[in-house]
Each structure stands twice: as structure tokens, then as C-alpha cells.
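Working through the structure, step by step
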Amino acid sequence: MSFEAMWRDLSPVGRSGISGGYHRQPFAAAEREAMTWFTEQCRARDLRLRMDGNGNAIAWWGDGPGGVLTGSHLDSVIDGGAYDGPLGVVSALAAIDELRDRGVTPGRPIGVGVFCEEEGSRFGIACLGSRLATGSIGPQQAASLHDRDGVALLDAMAAAGLEPDLGPSPLLQDVGTFVELHVEQGRDLVDRDRAVGVASEIWPHGRYRFDFRGEANHAGTTRMEDRRDPMLSYAMTALAANKQARLGGQRATFGRVDVIPNGTNAVPSQVTGWMDARGESEEALAALVGEVERLGTERAGRDGTTLEMTPESVSAAVRFDRDLAARISGVLDGAPVIPTMAGHDAGVLSAAGIPTAMLFVRNPTGVSHSPAEHAEMADCLAGVTALADVLAELAR
Ligand code: GLV
Ligand code: MN
Ligand code: MN
């Protein structure tokens, strides 16, 4: 099946009829349907499919150690785009087809992998599947995670028909190298007029929960000066985060808020906001988060509220294997080697000591984590050819 046909097949799965965005949260119906589609594609290609107890899957062409793994993820952020994740999986399957059409017999096995809950959209930890597989998060910590409705990770997996067995994954034992293809989430390749690029590094980043607590009270009868309103402390902290990130050339976003009781005519008792922050270095990230927490605490003091800050998912800086990136850039006619501020399973595998690289496919607007995310078909096909070239070289 061609790339275009696979893309058409997968497109309706989990797409909202209202926004056109994707809702493929891990272990829920749409993401399971995408995984079933993946297993059927693997079966149709006679790939040897293996699943682990974390919800990850790898399908191998060939047998033995030291394999070259490619692939990405099929889950999405809430109301996300079509490309973030699936482009890497569909391109991997298409690249295997292209290699077979070329008559290539790889000297090393080639695998297509799908890692689960890459976005952390349901259980809050980014790259949960690859973190469990590499042991960078323990099974006990993962087992304590719950989604927004209070469903525990293990229960969600069991409800999806899986038999959870969380922890370091035997699937990774056969992986010698990992190459993840991904839609670019910026406009670097547009500016450089190139369809495909290679990743150099990932900025350190994290998710931080800010709990502001005050006093619930009547919106009409409580004098303004008598209130202990955590919404004010939250609002000022969100503004401060934006300002501090801008001043320091870093990134900070409050994209998710919970309000208790969330009633129009009540001063809230609690506001919880989640800050996503990213920095060019670990020092810059720590300074940014520390300053936002300091300003939030100061404001809470003036509002008669309290602030408790909890880091929930923090990822260190990743510097991809320089020699591998240079070799791949060479295979791809000097493709540019560029940094990214987005997190990926490739970063987790790289941090676990697996030689890892990433390919980026041009995104004309740079928009991502949005229904408007896009890549032109010609660029997707160029990505498939580039990935096939890279796999042929690495699996020689
Ligand atoms: C993953 O897409 C992230 O960077 O949040
Ligand atoms: Mn993403
Ligand atoms: Mn992704």
C-alpha cells in the first residue's frame, strides 16, 4: 500500500468532526483503532510484531541483534494535528516498501516501532512508553498515575484489553540504532528551503503543576478587599511566566487550568495551572522555573493565597550522536542539522545510550499541536525516500 493510501486510511481515525483535530489519547478507542491498523499493516508486510507490557510495539524485518529501529507514536495531544507521530510511523512502513522495491537486502534487521503515550496527554508524563521501556521511569511511579477522570494507568490498559507488565522492555534489546522521522514543529526548514533536515539536539523541558489555594466565597457579598482569590494569583503567574520567558529567550506556557469549584458566582477555592517550560540549557530552564515560582509565591502572599509547585515531567537536554547526525546529513545531500524545542521518544532512547537520530519533514507554517498542523504530500514522500536512504545506509 502506498504512503498516500496509508495516509488516507489512517486520516479519519480519531478526527473531530468539529475542529478537524485529532483525539488519540492512549488506550482509548481511537488510539486503539490506530494501533490495530498498525498491526494489520505489519502483518500485511510479514513483519515480526512484538508488543511489550508498557503498550509499545516493534515489528521487525529480519532477525537478530543490533537492528535499526525507526517509527514514532500514534497518540496525539488533545485536538492535535495529523502528522505529529503518525508521519513517522507511516513513513517507516513506506520506507520498508521502498527498500523492498529497490531490492535491498538489509545486513541488519530493520524495525518499525510505536511508542505509547508520547504526548503525555492522558497520564501527564511525556514519552511514558519509551521512559518505561528504558527504565527512566519506574513501574511503581507509572502505576500511581491517573488520568483526569481518575482512571489509573493499569486500569486503562486492562480496559483496552492489554496485559500490563510495566518496566524495562525486552523489545529494546535488539535495537542498535534508532532513527525517528517527525514533522518539523517550526519553520527552520522553510527558511532554509529544504524538505528534510536532521536533528542536532532537544532543549531541556518540563511540566510543572502550580496549585494556588485560597478561600471559596460568594461572588456578590464578599467585599473585594476580603477575598483570598487564587484566580488572581494564577493569572498574575501566567503573565509573569510569559514575560520571563520572553526576556530570557526561553519558552513558558500555561495551556491547562483546573478551577475548583469552577462556578461563575463563586470565588474559587483552588486554581491549578500546568506550566510547560523549555530552555536553551538546563541552567536557563531552572532559572526560568525558579523565577516564575518566586513571582507566583510573592503574588500569592499579597492575595492571601498559597502556592505549591510540583515538577511532574522533566526532560534533560539531549544532544544526539554527532557522528550519526553528520553521517545521515551526508547521505541526504548535506541536509541541515537543526535543534528542536519539542520532546520525542528519540530523546529518551538517546539518553538511554542508544545511538539515535531524527529526521524532520518540512512544515509550511510551522504550526503543530493544533488541527492546522500540515506537511505537503511531496515533502512527505521526500521524507520517505530520505528515510529509506538512511535505513539502507545504517543497515548495510
Ligand atoms: C511533545 O510533542 C512535546 O514537545 O511536548
Ligand atoms: Mn507532540
Ligand atoms: Mn511527536
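Residues numbered from 1 in each chain as written. Chains lettered and ligands numbered in written order. Predicted model: local features only at pLDDT ≥ 70, side-chain atom pairs only at ≥ 80, totals over all residues. Heavy atoms only, no water.

**Some remarks on the overall build of the protein chain**
- A tally of regular secondary structure across the protein chain gives 12 helices and 15 strands.
- Computed over the C-alpha atoms, the radius of gyration of the protein chain is 22 Å, within 12% of the 21 Å expected from 2.2 N^0.38 for a compact globule of 396 residues.
- With the C-alpha coordinates aligned to their principal axes, the bounding extent of the protein chain is approximately 80 × 45 × 40 Å.
- Relative to its 396 residues, the protein chain shows a buried fraction of 54%.
- Contacts in the protein chain between residues at least 24 apart in sequence constitute 77% of all its contacts with a sequence separation of at least 6.
- With the model as given, the accessible surface of the protein chain reaches about 16,300 Å², and the carbon-plus-sulfur share is 50%.
- Within the protein chain, one finds 36 positive and 54 negative side-chain charges whose respective centroids are separated by 3 Å. (Helix = DSSP H or I, 4+ residues; strand = E, 2+ residues; numbered from the N terminus. Rg over C-alpha atoms; globule rule 2.2 N^0.38 Å. Buried < 20%, exposed > 50% of the residue type's maximum accessible area, 1.4 Å probe, protein only. Contact = heavy atoms within 4.5 Å. Areas by Shrake-Rupley, 256 points an atom, 1.4 Å probe, with all protein chains shown as cover. Lys, Arg positive; Asp, Glu negative; His and termini not counted. Charge placed at Lys NZ, Arg CZ, Asp CG, Glu CD.)

**Here's the deal with the coordination of the manganese ion (ligand 2)**
- For the manganese ion (ligand 2), the protein coordination sphere consists of D84 (OD), E119 (OE), E119 (OE) and H369 (NE2), at 2.0 to 2.6 Å.
- Expressed as a motif, the donor residue spacing for the manganese ion (ligand 2) is D-x34-E-x249-H.
- If you look at the manganese ion (ligand 2) and the manganese ion (ligand 3), they sit 3.7 Å from each other and are both ligated by D84. Placement of the pair is D84 in the loop between β3 (67–73) and α3 (86–101) and E119 in the loop between β4 (110–115) and α4 (128–134), with a sequence separation of 35 residues. (Donors = N, O, S within 2.8 Å, 3.2 Å for Na, K, Ca; no water.)

**Observations concerning the site of ligand 1**
- Residues in contact with ligand 1, as listed here, are E119, R278, A342, G343 and H369.
- One of the side-chain nitrogen or oxygen atoms of E119 is found 3.0 Å away from an oxygen atom of ligand 1.
- At 2.7 Å from an oxygen atom of ligand 1 is found a side-chain nitrogen or oxygen belonging to R278. (Near = heavy atom within 4 Å. Polar contact = N/O pair within 3.5 Å; in protein donor to acceptor, adjacent residues only side chain to side chain.)

**Here's the deal with the pairing of strand β2 (residues 57–61)**
- In terms of residue burial, β2 counts as a mostly covered element, since five of its five residues are buried.
- Here β2 shows a buried face lined by A57, A59 and W61 and a second buried face lined by I58 and W60.
- The sheet contact formed by strand β1 (residues 48–51) and β2 spans four bridges and is antiparallel. Bridge pairing links L49 to A59 in β2. (Pairing = 2+ DSSP bridges.)

**Details of the environment of P339**
- With respect to the element layout, P339 can be found in strand β14 (residues 337–340).
- With 11 residues separating them in the primary sequence, P339 and I328 have C-alpha atoms 15 Å apart.
- For P339, the residues in contact, after removing those within four places along its chain, are S200 and E201.

**Digging into the coordination of the manganese ion (ligand 3)**
- Those donors, H73 (NE2), D84 (OD) and H182 (NE2), are the protein atoms that reach the manganese ion (ligand 3), and they lie 2.0 to 2.2 Å from it.
- In the primary structure, the donors to the manganese ion (ligand 3) are separated according to the pattern H-x10-D-x97-H.
- Take H73: its relative accessible area is 0%, and that puts it in the buried class.
- Exposure remark for D84: the relative accessible area of 5% places this residue in the buried category.

**A look at the sheet that holds strand β12 (residues 306–315)**
- Read across the open sheet, the four strands follow the order β9-β11-β7-β12; overall the sheet is antiparallel. The open sheet is flanked by β9 (251–260) and β12, the only strands paired with a single partner. Between one strand and the next, the sheet's axes are offset by a mean angle of 20°, whatever the strand orientation.
- Pairing of strand β7 (residues 205–213) with β12 involves nine bridges; the strand directions are antiparallel. Residue F210 lies in a different strand from β12, and its bridge partner there is M309. (Axes fitted to C-alpha atoms, helices over the stretch in contact; angles between N-to-C directions.)

**Describing the side chain of T356**
- Relative to the helices and strands, T356 is located in strand β15 (residues 356–361).
- Overall, T356 belongs to the buried group, its relative accessible area being 1%.
- At 2.7 Å, the side chain of T356 forms a polar contact with the backbone oxygen of I354.
- Other than its neighbours up to four places away in sequence, T356 contacts F178, F320, D321, L324, A346, L349 and S350.

**What to know about the domain arrangement of the protein chain**
- Domain parsing of the protein chain yields domain 1 (3–203 + 317–394) and domain 2 (206–314).
- If you average the C-alpha positions of domain 1 and of domain 2, the two centres end up 33 Å apart.
- Between domain 1 and domain 2, the residue contacts involve 12 residues of the former and 12 residues of the latter.
- Interface area for domain 1 against domain 2, summed over the two sides, is near 990 Å², with a carbon-plus-sulfur share of 41%. (Domains from an automatic or database assignment. Buried area = accessible area lost by both parts, 1.4 Å probe.)

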